Amino acid sequence: MENPYLIKIGEIALKGRNRAFFEGLLFKNIKRKLNSHRCTITGKQGRYYLSCTDADKKVIDYALSTTFGVVAFGEVRKVPKSIEAIKDASEKMCEEILYCSEGKKFKIEARRSDKSFTYNSYQIASIIGQHLRDTFPQLSVDVKTPDWIINIEIRETCLIYGPLKHGPGGLPVGTAGRGILLLSGGIDSPVAGYLMAKRGLKLDAVYYHTYPYTSDEARDKVVKLAQKLSPFLSGVDLLVIPFTDIQIRIKERAKEEEMTLLMRACMMKIAEIVGLKRGAKCLVTGESLGQVASQTVESMRFTESCTNLPVFRPLIGFNKEEIVELARKLGTFDISVLPYDDCCTLFAPRRPIIKPNLKKMSESYSELEVEKLIEEAAENTEIIHCP
Amino acid sequence: MENLIYLDWASTAVPEEDLIYESVRASVKSFANPSSIHKPGKEAKELLERSRKMIADTLNCKPENIIFTSGGTESNNTILFSTLKKGRQNGIVISGIEHSSVFEPAKTLKEMGIHVRIVPADQNGIVSPEKIARVIDKDTYLVSVMTVNNETGAIQPVKEIGELIRRREEHLQKNIHFHTDAVQAFGKIPFIPEDLGVDSASISAHKIGGPRGVGALYLKKPLAVLYCGGGQERGLRPGTENIQGIYGFTLAAERRNSRLKEEFKRACELKEYILDSLSSLNGCIFISGRDHNSYSPYIINVSFVPLPGEVLVRVLSDRGIAISTGSACSSAHKKKRLRILENMGQPKQIAESAIRISFGPSTQKEEIDEFLDILKKEVNSLQRVAVKL
């Protein structure tokens, strides 16, 4: 008898008539990660059962722990509907729990939807609770503040499961439409992408490559970041944009203090062009208010004015340490701190402007006469699929 | 790579192919463990000792002064960490322009409570013997100053430093161990440890066309070190000897030293030629001087301010030319890469712009011409972007 996985969802359950849409994408995203295995998902009312006959447990765990929409999950034991079989299975499960948990206080939660079963919920809980106490004298029952719970459900079959693992929560990727993530090699932008994907946004990422002023190692670093993010994003296309000609034009024509802002403006424009082609309806950046000169209110007002798409900045109110903490959890931090710069010192002004005037900046931008170069860059994008 | 112009000899020399093969053949023939007392063991031992004698001859020292190691890094580490055997009250003195294989162990020793003094070099990359002598006190156990700097080619006044150390020894009535990292000197400029008054020196095979992963430590007198094992190499570097590497090293050392004078003269001419040719380029600043007594003729350090060195290295690499920024050992780490030039008091911009051109015996004049042509073109076009005209 093969064991299914129980999947619990959070806010999807609250969706009214749209629920099927959310569920559909959740199932699709899970199956996508297990596509080389035979699997089915059944169930309703916020409780789903994933059956996957030939996948390794680690593979399933990883798939579920990286899929937004999954709040909790765990392997469920399927046993024959007899109290002896339930006793045996509970005992085994208890051993497993004791192996990795210090807690000694437990509770049995029983539910019986098949009313033909000999014992009712209360009786099942009492019998199994007693049995476990007899078998493991160190345990005690605590129904109010247990360290862990064993669940027993009597349905068409009998299902038993212990503590569930945490999923990432949020909404299934794709339910909020598409967006473009401006991905640099830094610490912030991967975290921003993660946070927006958590709210259901399907993302493609753009990276601006300024070879030979930035290295291929810097580019490879961004590819690694995209690959690291990919499971959470349900796959991502990294669009590598050749940016050298634009960067040179800015260097040639811009005032030194405006170089960074004009570069950001061009990046927004290109992101919009390639994004619209892919059905994106927003841009996502890792900006955090006041972190650097190009992230002041005035600076962002200008860069935002360069695109008609809304710009989402999920880290706007985050401190650097908070971002670092998330990046570490995500596993992107160690990649981000590799010593390959994503901007050459030649193009970094010594004293960048921090309170730009919108009108003046827009004029400076027009003076670049960069539209054709921007179109060419968008045209010559290299696409790297990160499944 | 076809048509590669290789000008990064200071990080690794082009291997002497015939000698590498010869050493492989010899080591396959004398394959046994030199510590074994049977006939094939003795045969291997004979090859090992013959090699030791050959290396000793190139350094004009006794065979027992030679300890084979895995290369410069291990040789330097062995000496630096021998401080720990002397007890915590012993301090060390190093120059600020040492290779990471001296600088990093010194940093670790400092973390372990050893008193470490770092004496900076002047703007020309040369360490003052007086400044070294001044910081030596009754607690000083070790002084380490390299012979030729790997980034600038600056030749350090090792002999003068040695003399001052001996005077301080007399004054303080204690022994001070004087070590030199001679990896960029051996086989390239005349180098006789005894003449320089050093107690130990590190040398490496792959910088002179020998195989990777082998080198030696010249050691005047036995020393207590941290390694323990089967007692090979007089207990200083235990472990079954790398006969193939050692013999290949020996053959390469012999070849280089037999032609040292001619090659030195040729390198001086090539260096002069390159310096003359580049000096008119926009933003050109030489960190390596022209005086061949003070700078190795095999290394040129030049900046084209404000062009970042790494940009130029990438552009030239795409054109089939291999040069480097600073030293290869620290190219990937920006802060470490700038350490030596910044220690010399060079402005950050010059340090960031620095590239290193280094060559060796098989470098041809025609290659240099082609390189100079391409470099000039690329520098001019990149400078048009870098400096707003």
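## Here we look at the pattern of salt bridges
Argument step 1. Using the criterion set out here, one finds 53 salt bridges over all chains in the structure.
Argument step 2. When the shortest N-O distance is used, the salt bridge between Glu378 of chain B and Arg319 of chain B registers 2.7 Å. Of this pair, Glu378 of chain B sits in helix 13 (residues 365–386) while Arg319 of chain B sits in the loop between helix 10 (309–318) and strand 11 (321–322), and the two are 59 residues apart along the sequence.
Argument step 3. One connected set of salt bridges, linked through shared partners, spans Arg47, Lys107, Glu109, Arg111, Glu153 and Arg155 of chain A.

## Quick notes on the domain arrangement of chain A
Residues and elements named next belong to chain A.
Argument step 1. Once the domains are mapped, chain A shows domain 1 (5–78), domain 2 (81–156) and domain 3 (178–386).
Argument step 2. Centre-to-centre, using C-alpha coordinates, domain 1 lies 33 Å away from domain 3.
Argument step 3. Each partner contributes residues to the interface: domain 1 has eight residues there, and domain 3 has eight residues.
Argument step 4. Summed over both sides, the interface of domain 1 with domain 3 buries roughly 710 Å², with 56% coming from carbon and sulfur.
Argument step 5. For domain 1, the biggest contributors to the area lost against domain 3 are Arg32, Thr66 and Phe68; these three give 65% of the whole.
Argument step 6. Summed over the shared surface of domain 1 and domain 3, the result is three residue pairs in polar contact (both at pLDDT 80 or more).

## What about the interface of chain B and chain A?
Argument step 1. Across the boundary between the two partners, chain B contributes 15 residues, which contact 17 residues of chain A.
Argument step 2. Taken over both partners, the interface formed by chain B and chain A buries close to 1,300 Å², and the fraction arising from carbon and sulfur atoms is 59%.
Argument step 3. Summed over the shared surface of chain B and chain A, the result is zero salt bridges.
Argument step 4. For the pair chain B and chain A, the number of links is four residue pairs in polar contact (both at pLDDT 80 or more).
Argument step 5. Listing elements by their share of the side of chain B that touches chain A, those giving two or more residues are helix 10 and helix 13 of chain B.
Argument step 6. The leading source of residues in the side of chain B that touches chain A is helix 10 of chain B, at four residues.

## Quick look at the nonpolar core
All names here are of chain B.
Argument step 1. One finds Leu59, Ile132, Val143 and Phe249 to be the most contacted residues of the largest nonpolar core, which totals 60 residues.
Argument step 2. In terms of residue count, the dominant contributor to this core is helix 8 (residues 243–258) (seven residues).
Argument step 3. Taken domain by domain, the makeup of this core includes at least three residues from each of domain 1 (5–14 + 260–382) and domain 2 (17–257).
Argument step 4. Once residues lying within four places of it in the same chain are set aside, the contact partners of Leu59 are Ile66, Phe186, Phe191, Ile192, Pro193, Ile203 and Tyr218.
Argument step 5. Counting 40 residues, the second largest nonpolar core, distinct from the first, contains Leu307, Ile321, Val385 and Ala386.

## Quick notes on the sheet that holds strand 12 (residues 354–358) of chain B
All names here are of chain B.
Argument step 1. Strand order in the open sheet made by the three strands is 9-10-12, with antiparallel pairing throughout. Each edge of the sheet is formed by a strand with only one pairing partner; in this case those strands are strand 9 (284–286) and strand 12. Put simply, the sheet's adjacent strands are angled 30° from each other on average, direction ignored.
Argument step 2. Of the strand pairs in this sheet, strand 10 (residues 299–304) and strand 12 are connected by five bridges, and their pairing is antiparallel. Residue pairing in the sheet places Ile299 in a bridge with Ser358 of strand 12.
Argument step 3. In the packing of helix 9 (residues 260–278) onto the sheet, the strands contacted are strand 9, strand 10 and strand 12, and the crossing angle to strand 10 comes to about 10°.

## Brief notes about the environment of Ser215 of chain A
Argument step 1. Its location among the elements puts Ser215 of chain A in the loop between strand 12 (202–209) and helix 6 (216–229).
Argument step 2. The sequence separation of Ser215 of chain A and Asp341 of chain A amounts to 126 residues, and the corresponding C-alpha distance is 7.8 Å.
Argument step 3. Setting aside chain neighbours within four positions, we find Ser215 of chain A in contact with His209 and Tyr340 of chain A together with Arg314 of chain B.

## Comments concerning the domain arrangement of chain B
Residues and elements named next belong to chain B.
Argument step 1. Each domain of chain B was delimited in the assignment, giving domain 1 (5–14 + 260–382) and domain 2 (17–257).
Argument step 2. Taken over C-alpha atoms, the centre of domain 1 sits 26 Å from the centre of domain 2.
Argument step 3. Domain 1 puts 34 residues into the contact, and the matching count from domain 2 is 34 residues.
Argument step 4. Here domain 1 meets domain 2 over a buried area of about 2,800 Å², counting both sides, of which 50% is carbon and sulfur.
Argument step 5. Our enumeration of links across domain 1 and domain 2 arrives at zero salt bridges.
Argument step 6. One can count 19 residue pairs in polar contact (both at pLDDT 80 or more) joining domain 1 with domain 2.
Argument step 7. Those elements that provide at least two residues to the side of domain 1 that touches domain 2 are helix 9, strand 10 and helix 11 (334–343).
Argument step 8. Among the elements that make up the side of domain 1 that touches domain 2, the one with the highest residue count is helix 11 (six residues).
Argument step 9. Looking at the side of domain 1 that touches domain 2 residue by residue, the classes come out as 16 nonpolar, 14 polar and four charged.

## Focus on the packing of aromatic side chains
Residue and element names in this part refer to chain A.
Argument step 1. Tallying each qualifying case throughout the model produces 12 aromatic pairs over all chains.
Argument step 2. On the numbers, 5.0 Å between centres and 80° between planes, the contact of Phe27 with Tyr48 is edge-to-face. Taken together, the residues span a long stretch of sequence, with Phe27 in helix 1 (residues 19–33) and Tyr48 in strand 3 (residues 47–52) at a distance of 21 residues.
Argument step 3. Looking at Phe27, the relative accessible area reads 18%, which means it is buried.
Argument step 4. Judged by relative accessible area, which is 1%, Tyr48 ranks as buried.

Rules and cut-offs
- Residues numbered from 1 in each chain as written.
- Chains lettered and ligands numbered in written order.
- Predicted model: local features only at pLDDT ≥ 70, side-chain atom pairs only at ≥ 80, totals over all residues.
- Heavy atoms only, no water.
- Salt bridge = Lys/Arg side-chain N within 4 Å of Asp/Glu carboxyl O.
- Helix = DSSP H or I, 4+ residues; strand = E, 2+ residues; numbered from the N terminus.
- Domains from an automatic or database assignment.
- Contact = heavy atoms within 4.5 Å.
- Buried area = accessible area lost by both parts, 1.4 Å probe.
- Polar contact = N/O pair within 3.5 Å; in protein donor to acceptor, adjacent residues only side chain to side chain.
- Core = buried A, V, L, I, M, F, W, Y, C linked by side-chain atoms within 4.5 Å.
- Buried < 20%, exposed > 50% of the residue type's maximum accessible area, 1.4 Å probe, protein only.
- Pairing = 2+ DSSP bridges.
- Axes fitted to C-alpha atoms, helices over the stretch in contact; angles between N-to-C directions.
- Nonpolar A, V, L, I, M, F, W, Y, C, P; charged D, E, K, R; others polar.
- Phe/Tyr/Trp six-rings, centres within 6.5 Å; stacked < 30°, edge-to-face > 60°.

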